[in-house]
Each structure stands twice: as C-alpha cells, then as structure tokens.
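Given next are the chains, with one letter for each unit.
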Amino acid sequence: MTQNDTDAGGRQTVSSDNIRQNRTGKGEAVPGLKRPQLSEGPKKDLNSALHDLHLRAGHPSVRDLEYRIGAGIAGKSRIHDAFSNHRLPKWDLLSVLVPALAQTVPGADSAVEEARVYRLWLAASGSEVTEGPMNALPSENPTPSRTAEVSTTPVDRKPPGSTNQLTNRRPVLAMRIEWFNPSGIDISTRRSLRAWVDSALDDIGWPSYGDHRRNHSAGVTIVLDDPDESPNLTIGTFLSSLDAEAETLNKRVSYHSTTPLSLGFLASSTASVSGPEEAVKDLSTMWSGDLTHLWQRSGGDISAVVYGIDLQDGRLPGSWAGDYMRPGAEWAGLTMPCHVRIAPDDPWASVPF
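Residues numbered from 1 in each chain as written. Predicted model: local features only at pLDDT ≥ 70, side-chain atom pairs only at ≥ 80, totals over all residues. Heavy atoms only, no water.

J.: Give a description of the overall build of the protein chain that names residues and reports values.
T.: The helix and strand inventory of the protein chain stands at ten helices and nine strands. Taken over 353 residues, the protein chain has a buried fraction of 45%. Partitioning the intrachain contacts of the protein chain with sequence separation of at least 6 by distance along the chain shows that 67% fall at a separation of at least 24. Accessible surface for the protein chain amounts to roughly 17900 Å². Of this, 49% is attributable to carbon and sulfur atoms. (Helix = DSSP H or I, 4+ residues; strand = E, 2+ residues; numbered from the N terminus. Buried < 20%, exposed > 50% of the residue type's maximum accessible area, 1.4 Å probe, protein only. Contact = heavy atoms within 4.5 Å. Areas by Shrake-Rupley, 256 points an atom, 1.4 Å probe, with all protein chains shown as cover.)

Structure, rendered in structure tokens:
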C-alpha cells in the first residue's frame, strides 16, 4: 500500500511517503500531518512549503498551534485542513499560522517566512501581482538583516521579550469611508455621508451609533470587534450600500456640476492583539500613506482598497486586482499587499426598485 488509506476496520494506514528508515533498516512513521494528493503546480508548492515549515518547527501538534494562534482565531480542524486538505487555505489563516510555526524555528525570521508563503499563496490563488518586493525575494535562505524590512503584516508593537505574542488575538474588521475633496463640497452633501453610513450599518446588522463608529470631519471609521460573519460578506454588503447612495448623488449633482463627487474606501481585516483601538490606529496609518496610485486605479464613484482579505472566499462584489500599499511614516519602508477594486459590478445596481 503506497498511499494513505484505511484498512477493513476503518483505521488509517500510513503511506510509504510518511515512512523513514531507522538505523536498523526498519521503517518508522514520521511525526507529521497527512499531505493531500495534489498535482504538480503552485498549490502543491504552497502545501510543500507549509509541511517544510512544520518540520523545521519540530512538528507541533494542531492543538499546540491552536494555542499559539489564540482562542477563537482558528480551530484545530481548520489548522489541520491547511496542511491536509486539497482546497487552498485562506490567507487570513496562513497569516497567523506561519508566525505560529516560525516562532519555534531556530534563527527564523517570521516576516521573511510569511513573505515567502504569501508569494506562494498568491501563485496558488491565481492572483496577478506585477510589481512589489515579493517578486524580488530570494528563493533560498534569505538573510534576515537584509530582508526584515519586507513585511506583509502590521508592525508588532509588543515589547521585546514578551511571551507568546500570538495568544489572545482576535479578528477585527476596520473600514473607513471619506470624501476626497471635502472642502469643495457643500455642507449638506458632506453631511449626507453620515446618513449613508447609518443605512449601510443597518444592512450589515449593526446599530447606527456606538463604540464601533467614529465620525470624522470628512468621513467615518467603522471597527467591528470579533465579527461573526465573513469579512468579505460584511465589506461587500456595506460597500454596495454606499455605492448605491454615491451613484444616486452623482446623478443628481451632475446637472449642476462638471466635477463628480468622489470618495475613498479602505478596509482592513486582521487578527489583533489589543482589539479595536489597535485596528483603528493601523487603518489610520494605512490611510495616511501614499495611496494615490491605488485610488487612481480603482473604478466607480467610490475608490475601494482592501487589506487582509481572501478573495477566494467570494461574496465580495466587483472586479478586484492585487497591488501594494506603502503605509504612513510609522511603518516607513514597509510594503503591504492589498487588493484594489477595478470595477464595482454590483449585481443589484440595475434592479429597478
């Protein structure tokens, strides 16, 4: 028998790939996780890299990995599937799983390991990213001191020497919508954005006001702590509601002005250590960076960019493409992968309500 299988009693057998020879010449099982049957290609390359990192980490159990990642972030079955299921794992899982593995690999740089796996995940997911530091990463044993500035996740603000920095992380979704030219908009139009957000919050099942909402002079920030649904579904529903309002407004003002009213939308889904406050601060840092090339690339009345979102999850209307953002001064030198909306393609836009 040369593949993982079950015997007549339903017990799992061990494949020849998971058997090694000891000094006496007898076979013994390698303490690892089952590999899925995959054809040669990017998905198999990603899976092999995960198993290699698992080996170098000392083959920690899925229970141990669940503890390292933190309660409520990823269960044992989901972690196991990342190694053993033929389906492509979501990036939100890998973004916390890779650091959890790397922390017990002697001499490993977590940012370098995560960047390497992200590059493989992009290839396996079929995303097209034509530029950025991921393509320039060396394929063999990069030197941490020269590549540490390449990071795909926000900077860890925990003090040096802190223990188990991944424990107690929980998912946080932060979204910001803001006018690009607030000073050139009349006050009644500028205020209308807050009413749009009221309706959009109602659409995703959240109250209009509360600790999850922060109003600004030119826009609004929403932060959802430990949401109970897919961030893709939440962002898609929230953004579609705003799209409909912006389209209606631009049709109305086009009779009086040749300058369209435009807004920017930025969303970030991360596993946060300290919760909403950290997520809002991170989103503000992203917003303060040079996002001009992203805003210009995005189509529609609302230019939209998302970070930390797995497009394979679906439920995010529109056409999206991979790109990179450079956050503000606090994270100077970092380049972070993101996705920019090329076209809204809202399926409800043409429905004559």
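J.: I'd like a rundown of the pattern of salt bridges, residues and numbers included.
T.: Counting across every chain of the model gives eleven salt bridges. When the shortest N-O distance is used, the salt bridge between Asp92 and Arg78 registers 2.8 Å. Taken together, the residues span a long stretch of sequence, with Asp92 in helix α4 (residues 91–102) and Arg78 in helix α3 (residues 76–84) at a distance of 14 residues. What makes Arg78 partly exposed here is its relative accessible area of 29%. The shortest N-O distance in the salt bridge between Asp243 and Arg341 comes to 2.7 Å. Taken together, the residues span a long stretch of sequence, with Asp243 in helix α8 (residues 231–253) and Arg341 in strand β9 (residues 336–343) at a distance of 98 residues. Each member of the pair Asp243 and Arg341 is classed as buried. Through salt bridges with shared partners, a single network forms among Asp52, Arg56 and Glu113. (Salt bridge = Lys/Arg side-chain N within 4 Å of Asp/Glu carboxyl O.)

J.: Before we move on, can you summarise the packing of aromatic side chains with the specific residues and values?
T.: The tally for this structure, following the rule as stated, stands at seven aromatic pairs. Plain terms: the ring middles of Trp179 and Trp196 are 5.9 Å apart, the flat faces sit at 55 degrees to each other, and that makes the pair tilted. With a gap of 17 residues between them, Trp179 in strand β3 (residues 170–179) and Trp196 in helix α7 (residues 187–203) connect regions that are remote in the sequence. With respect to burial, Trp179 and Trp196 carry one shared label: buried. Aromatic rings pair up to connect Trp91, Tyr118 and Trp121 into one cluster. (Phe/Tyr/Trp six-rings, centres within 6.5 Å; stacked < 30°, edge-to-face > 60°.)

J.: Describe α4, naming the residues involved and giving the relevant values.
T.: If you check α4, its first and last C-alpha atoms are 16 Å apart, about what twelve residues at 1.5 Å a residue would give, namely 16 Å. Taking burial as the measure, the twelve residues of α4 include eleven buried ones, the bulk of the element. Considered for burial, the residues of α4 that qualify are Trp91, Leu93, Leu94, Ser95, Val96, Leu97, Val98, Pro99, Ala100, Leu101 and Ala102. (Expected span 1.5 Å × (residues − 1).)

J.: Before we move on, could you go through the side chain of His212 and cite the residues and values that matter?
T.: Here His212 lies in the loop between α7 and β4 (213–215). Among the polar contacts listed, one links the side chain of His212 to the backbone oxygen of Pro207, at a separation of 2.8 Å. With residues near it in sequence (within four places) discarded, His212 still touches Leu201, Trp206, Pro207, Thr221, Ile222, Val223 and Leu224. (Polar contact = N/O pair within 3.5 Å; in protein donor to acceptor, adjacent residues only side chain to side chain.)

J.: How would you explain helix α1 (residues 42–56) if you had to name every residue and give the values?
T.: If you check α1, its first and last C-alpha atoms are 21 Å apart, about what 15 residues at 1.5 Å a residue would give, namely 21 Å. Residues of α1 that are buried: Leu46, Asn47, Ala49, Leu50, His51, Leu53 and His54. Once α1 finishes, Gly58 follows within two positions and takes phi at roughly 95 degrees, a positive value.

J.: Tell me what's going on with the nonpolar core, and back it up with residues and numbers.
T.: The biggest cluster of nonpolar side chains holds 30 residues, and the ones touching the most others in it are Met175, Ile177, Val197, Ile235, Phe238, Leu242 and Phe265. Of all elements in the fold, only β3, α7, β5 (219–225), α8, β6 (263–272) and β7 (302–307) reach the threshold of two or more residues within this core. Among the elements that line this core, the one with the most residues is α8, at six residues. Once you skip the residues sitting within four places of it in the chain, Ile235 turns out to touch Leu173, Met175, Phe265, Ala267, Val306, Ile309 and Leu316. (Core = buried A, V, L, I, M, F, W, Y, C linked by side-chain atoms within 4.5 Å.)

J.: Let's hear about the pairing of β7: which residues, and what values?
T.: When you tally the buried positions in β7, you get six out of six residues, the bulk of the element. A two-sided burial pattern is seen for β7, the buried positions comprising Ile302, Ala304 and Val306 on one face and Ser303, Val305 and Tyr307 on the other. Here β7 pairs with β9 via two bridges, running antiparallel. Looking at the pairing, Val305 lines up with Val340 of β9. (Pairing = 2+ DSSP bridges.)

J.: Talk me through the packing of α4 against helix α5 (residues 110–125); I want residue IDs and the actual numbers.
T.: Look at α4 against α5: their axes get within 9 Å of each other, and the N-to-C directions meet at 145 degrees. Of the two elements, α4 crosses α5, and the hand of that crossing is right-handed. Contact with α4, carried on its side by Trp91, Leu94, Ser95, Val98, Pro99 and Ala102, involves Ser110, Glu113, Glu114, Val117, Tyr118 and Trp121 of α5 and no other residues of that element. Among the residues forming the contact of α4 with α5, the class breakdown is eight nonpolar, two polar and two charged. (Axes fitted to C-alpha atoms, helices over the stretch in contact; angles between N-to-C directions. Left-handed = near helix turned anticlockwise from the far one by under 90°. Nonpolar A, V, L, I, M, F, W, Y, C, P; charged D, E, K, R; others polar.)

J.: Residue-level account of unusual backbone geometry, with values.
T.: Its identity is not glycine, yet His59 carries a phi of approximately 55 degrees, on the positive side. Mapping His59 onto the fold places it in the loop between α1 and α2 (62–69).

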